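# Structural overview
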Amino acid sequence: MPYLHLFKKWILPLILVSMVIVLGCGGGDSQNQPSSSTDSQIKSDRLAEETVTFRASEEIAQLNIIFKNGEEAGELSIVESLGGGVGVFDYDQDGWLDLIFPGGGKLSESTLAGLPTRILRQSAPEKFTDVSHVAGTEIVRNYTHGIANGDYNNDGFTDVLITGYGGLQLLTNNGDGSFSDVTEQVGLDDRSWSTSAAWGDFNNDGFLDIYITHYVDWSFDNNPICFNQDGQRDVCAPKVFTGLDDVVYLNSGDGTFAAKRASVGLSPEGKGLGVLLADWDEDGDLDIYVANDTVPNFYYSNNGRATFTEKALISGLAIDDMANPNGSMGLAVIDFDRDHRADLFVTNYEEELSALYRNMGDENFGYESRQAGLNRLGKLFVGFGCVAGDFDLDGDHDIVISNGHAVRYPTNGDLEQEPLLLINEEGRLNRMKTAPSSYFAQTHRGRGLAMGDINRDGQLDLVFANILEPAVLLYGEVQQPQKRVFVTLVGRKVNRDAIGARVCVRLKTSELVGWTTSGIGYLSSSPNELMYVIPDEEVIKEIEVMWPGGDVSTVSSDYLDLRMNNQEFCRVRIVQNR
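Everything quoted here is computed from the prediction, not taken from an experiment. (Residues numbered from 1 in each chain as written. Predicted model: local features only at pLDDT ≥ 70, side-chain atom pairs only at ≥ 80, totals over all residues. Heavy atoms only, no water.)

## Topic: the side chain of Gln459
Under the convention used in this document: Helix and strand definitions follow DSSP, with helices as H or I runs of at least four residues and strands as E runs of at least two, each counted in order from the N terminus. Under the rule applied, a polar contact is a pair of N or O atoms within 3.5 Å (in protein, one hydrogen donor and one hydrogen acceptor; residues adjacent in sequence only if both atoms are side-chain atoms). In this description, contact between two residues means that some pair of their heavy atoms is separated by no more than 4.5 Å.
With respect to the secondary-structure elements, Gln459 resides in the loop between β30 (446-452) and β31 (461-466). In terms of polar contacts, Gln459 uses its side chain to reach the backbone amide nitrogen of Val478, at 2.5 Å. What Gln459 contacts, discounting residues up to four positions off in sequence, is Leu393, Gly452, Asp453, Gly476, Glu477, Val478, Arg484 and Phe486.

## A few points about empty space enclosed by the protein
This is how the line gets drawn: Residues are said to line a cavity or pocket when one of their atoms sits within 4 Å of a point; the points come from a 1 Å grid over protein atoms alone, cavities being sets where a 1.4 Å probe fits but cannot get out and pockets being open sets with protein on both sides within 12 Å along at least five of seven lines. Grid points are joined across faces, edges and corners, and a volume is the space filled by probe spheres set on the points. The classification used treats Ala, Val, Leu, Ile, Met, Phe, Trp, Tyr, Cys and Pro as nonpolar, Asp, Glu, Lys and Arg as charged, and all other residues, Gly among them, as polar.
Tallied over the full model, the rule gives six cavities of 30 Å³ or more. Put simply, the largest cavity is a space of about 130 Å³. Lining the largest cavity we find 15 residues, and of these Glu352, Ser354, Leu377, Gly378 and Phe381 sit closest to its centre. A class-by-class count of the residues in the lining of the largest cavity yields eight nonpolar, five polar and two charged.

## Quick look at the confidence of the model for the protein
Operational definition: Each residue gets a pLDDT score, which is the predictor's confidence in that residue and runs from 0 to 100.
A residue-level look at the protein finds 92% of positions with pLDDT of 70 or above and a mean pLDDT of 92. In this model residues 1-44 is a low-confidence stretch, pLDDT under 50, and it forms 109 contacts with partners more than four residues away in sequence or in other chains.

## Quick look at the pattern of salt bridges
We count it as follows: Note on definitions: salt bridges are taken to be side-chain nitrogens of Lys or Arg within 4 Å of carboxyl oxygens of Asp or Glu. Only protein chains enter the accessibility calculation, which uses a 1.4 Å probe. A residue is then buried if its area is under 20% of the maximum for its type, exposed if over 50%, and partly exposed in between.
On inspection of all chains with the given rule, the structure shows 27 salt bridges. Between Glu184 and Arg191 there is a salt bridge, and its shortest N-O distance comes to 4.0 Å. With a closest N to O distance of 2.9 Å, Arg502 and Glu282 form a salt bridge. Within this pair, whereas Arg502 is found in strand β34 (residues 502-507), its partner Glu282 is found in the loop between β18 (272-278) and β19 (287-292), the two being separated by 220 residues in sequence. Here Glu282 falls in the partly exposed class, since its relative accessible area comes to 31%. Salt bridges sharing partners connect three or more residues here, namely Glu71, Glu80, Arg408 and Arg445.

## Considering the pairing of strand β32 (residues 469-477)
This is how it is decided: Being paired, for any two strands, means DSSP has found at least two bridges between them.
The buried count for β32 comes to seven of nine residues, which makes it a mostly enclosed element. Looking at chain direction, strand β1 (residues 53-56) and β32 are connected through four bridges and run antiparallel. Opposite Arg55, over in β32, you have Tyr475 as the bridge partner. The pairing of β31 with β32 spans four bridges and is classified as antiparallel.

## Describing the domain arrangement of the protein
Our working rule: An automatic or database domain assignment is the source of the domain bounds shown. Here the buried area means the combined drop in accessible surface, using a 1.4 Å probe, for two parts upon being joined, counting both sides.
Looking at the assigned domains, one finds that the protein contains domain 1 (55-478) and domain 2 (483-575). Averaged C-alpha coordinates put domain 1 and domain 2 at centres separated by 24 Å. Listed per partner, the contact involves 63 residues of domain 1 and 34 residues of domain 2. Roughly 3,600 Å² is buried in total at the junction of domain 1 and domain 2, and carbon and sulfur atoms are behind 57% of that figure. Contact with domain 2 buries surface across domain 1, with Glu282, His340 and Arg456 losing the most and accounting together for 15% of the total. For Arg456, the salt bridge goes to Glu529, with nearest N and O atoms at 3.1 Å. On inspection of domain 1 and its partner domain 2, the count reaches 22 residue pairs in polar contact (both at pLDDT 80 or more).

## Here we look at the nonpolar core
To keep things clear, this is the line we draw: Working definition of a nonpolar core: buried Ala, Val, Leu, Ile, Met, Phe, Trp, Tyr and Cys residues. They are joined through side-chain atoms within 4.5 Å.
One finds Trp280, Tyr289, Tyr357, Phe391, Val400, Leu421 and Leu462 to be the most contacted residues of the largest nonpolar core, which totals 49 residues. Both domains that furnish three or more residues to this core are identified here as domain 1 (55-478) and domain 2 (483-575). Setting aside residues up to four positions removed in sequence, Tyr289 forms contacts with Gly274, Val275, Leu276, Trp280, Asn297, Phe298, Tyr299, Leu317, Leu331, Leu344, Val346 and Tyr357. By size, the runner-up hydrophobic cluster in this structure holds 33 residues, among which are Ala197, Trp199, Leu277 and Ala306.

## Considering the sheet that holds strand β39 (residues 569-575)
Within a sheet, neighbouring strands are paired by backbone hydrogen bonds and run either parallel or antiparallel to one another. Rules: What counts as an axis is a line fitted to C-alpha atoms, over the stretch in contact for a helix, and the angles between N-to-C directions run from 0 to 180 degrees.
Here three strands make up an open sheet; going across it, the order is β36-β33-β39 and the pairing mixed. Each edge of the open sheet carries a strand with a single partner, namely β36 (530-534) and β39. Each strand axis lies, on average, 25° off the axis of its neighbour in the sheet, ignoring direction. When strand β33 (residues 483-490) meets β39, the two strands line up parallel, connected through seven bridges. When the sheet's bridge partners are listed, Leu489 is paired in β39 with Ile574.

## Things to note about the pairing of strand β9 (residues 159-165)
Most of β9 is tucked away: six of the seven residues are buried. Bridge count for strand β8 (residues 143-150) against β9 is six bridges, and the pairing is antiparallel. In the sheet register, Ala148 faces β9, and the bridge partner there is Leu161. The sheet contact formed by β9 and strand β10 (residues 169-173) spans three bridges and is antiparallel. Residue Val160 lies in a different strand from β10, and its bridge partner there is Leu171.

## A short note on the sheet that holds β31
With antiparallel pairing, the four strands of this open sheet are ordered in space as β1-β32-β31-β30. The open sheet has two free edges, formed respectively by β1 and β30, since each of these has just one partner strand. Between one strand axis and the next, the sheet turns through 25° on average, direction left out of account.

## Description of the environment of Gln169
As for its position among the elements, Gln169 is in strand β10. The buried category is assigned to Gln169, whose relative accessible area is 2%. Separated by 19 residues in sequence, Gln169 and Leu188 have C-alpha atoms that sit 7.9 Å apart. Look past the residues within four positions of Gln169 in its chain and what remains in contact with it is Ile139, Arg141, Val160, Leu161, Ile162, Asp181 and Thr183. Looking at Gln169, its side chain comes within polar contact range of the main-chain oxygen of Ile139, at 3.1 Å.

## So, the packing of aromatic side chains
Each pair of aromatic rings is reported with the distance of its centres and the angle of its planes. Applied cut-off: Here is the rule: rings of Phe, Tyr and Trp (six-membered ring for Trp) pair when centre to centre is within 6.5 Å. Planes less than 30 degrees apart are stacked, more than 60 are edge-to-face, and the remainder are tilted. Charges are assigned to positions over rings by a cutoff of 6 Å between ring centre and Lys NZ or Arg CZ, combined with an angular limit of 35 degrees from the ring normal.
Tallying each qualifying case throughout the model produces 23 aromatic pairs. Ring geometry for Phe54 against Phe440: centres 5.5 Å apart, planes inclined by 50°, an arrangement best described as tilted. With Phe54 in strand β1 and Phe440 in the loop between β29 (428-431) and β30, this residue pair connects regions lying 386 residues apart in the sequence. Given the relative accessible area of 4%, Phe440 is considered buried. Where Tyr357 meets Tyr367, the ring centres are 5.7 Å apart and the plane angle is 70°; that geometry is what we call edge-to-face. Residue Tyr357 is located in strand β24 (residues 355-359), and its partner Tyr367 is located in strand β25 (residues 365-367); the two are separated by ten residues in the primary sequence. Owing to a relative accessible area of 5%, Tyr367 belongs among the buried residues under this scheme. What links up through ring pairs into an aromatic cluster is the set Tyr165, Trp193, Tyr215, Trp218 and Phe220. It is Arg447 that lies over the ring of Phe384; its NZ or CZ is 4.0 Å from the centre.

In structure tokens, the structure reads:
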């Protein structure tokens, strides 16, 4: 019976689709796009009421953090289309979340030059200072795109990996407010065009390894001239180029890394833009999902020894419900239906739906974008960053998407596009109504997106990184929030960040489940602080943690300080026993 299900859901559509011509979609493929169809013009037939508002940070606006892509050189190169991300983390362990932004770069005379990475230290609620020079993050190696934060040496201070064209850059946190560039010393010799990266302990030896996505073989020597369907020169589609092989760097435990590819089971030529690590099958080790552009996505099931089996097609995660590969970018874990399984959300290119893959267990996923109402949003958005969280504090996961076109002169959608806040309402993701002055009612060239309780008021905030536009920090504000508990894990036998854990908060009559993951968003990094909304009639009995590797520990409420503050939330830090 499982094989019959797979035949009906995936193999049969593949047979049928071979009888028609399918025009490719994906980042930058404007010259191959069909005109807007009737389906493209579908608007949401129901808007969610405005249950959460967002207030923009004036301090961040004044600091004027802008990702520059070098488009002023007039090259119309595909490297200009990817944009940059953002990292949210407490780099100095003072209790306040800080922000870090890659600078991008500039193009001139057939060369790419990078721009400085900037770090903003939060010293008090909503008080930020640019400390880039003192922290040592201004050292420029490459044209940069992405941020991945993780404590690779388990010293208690979060380190920073920066991706980009020409190679990686690893900034180790010295613990005194400064960073040192140790890229060569640790063996990160990758020179391919890297996009997203994610930290995770693939072999459960207690040290964080790295997965790096690579994009395509663009260079100044391979920079063809392309035109859109109106005959105007524009950015070339990814289909014009050959995809590059991704790489895994295994942490040796002595401060160095070793590159692995085919020997650990990686597939070639993926055109990767996003990567997300989570234990989807809950067997105690980290699995990998890769968002590829115009080719099928990858799902690597971890065999438990840092070797992987690629199962995207047989698991239902490679393509959409029409058997087409999509132009995939951003990734998020969401428990959409509150069945305590980690579902998967993927943002895609125009003329494609964002994908909601429901986890049905045993590494089987169902494509449920239409059932969730995502088709009602239309197909003119080009989605990049996305995050999942309970933004309206009603007990279920909502979705935020950062949108903006990938090409310079789009013929269907607009270059600048509105971001989306999708509220989870009884099995539907409905776009929320917003005031005309709201950030969500304005258009942007959106790319990176991260989240966290940045001002520590017990509500989820958002950071948007856009192309040629100042970064924006939005503070979430719900007027009458329910009680919340924030849970942070500290590994001792496992990696200190405890990436890959499952946390179950047991209440009097129900359970709430969350997962520590890595790679959420697009080119971005968010802190693994899990928020649980507690219904008014409920009380917490215990918190159960399944740590990476499968060990389980349970902490009774008798041993937890669960006293709510005057804003009706508390924070719990659970440290693993040795």
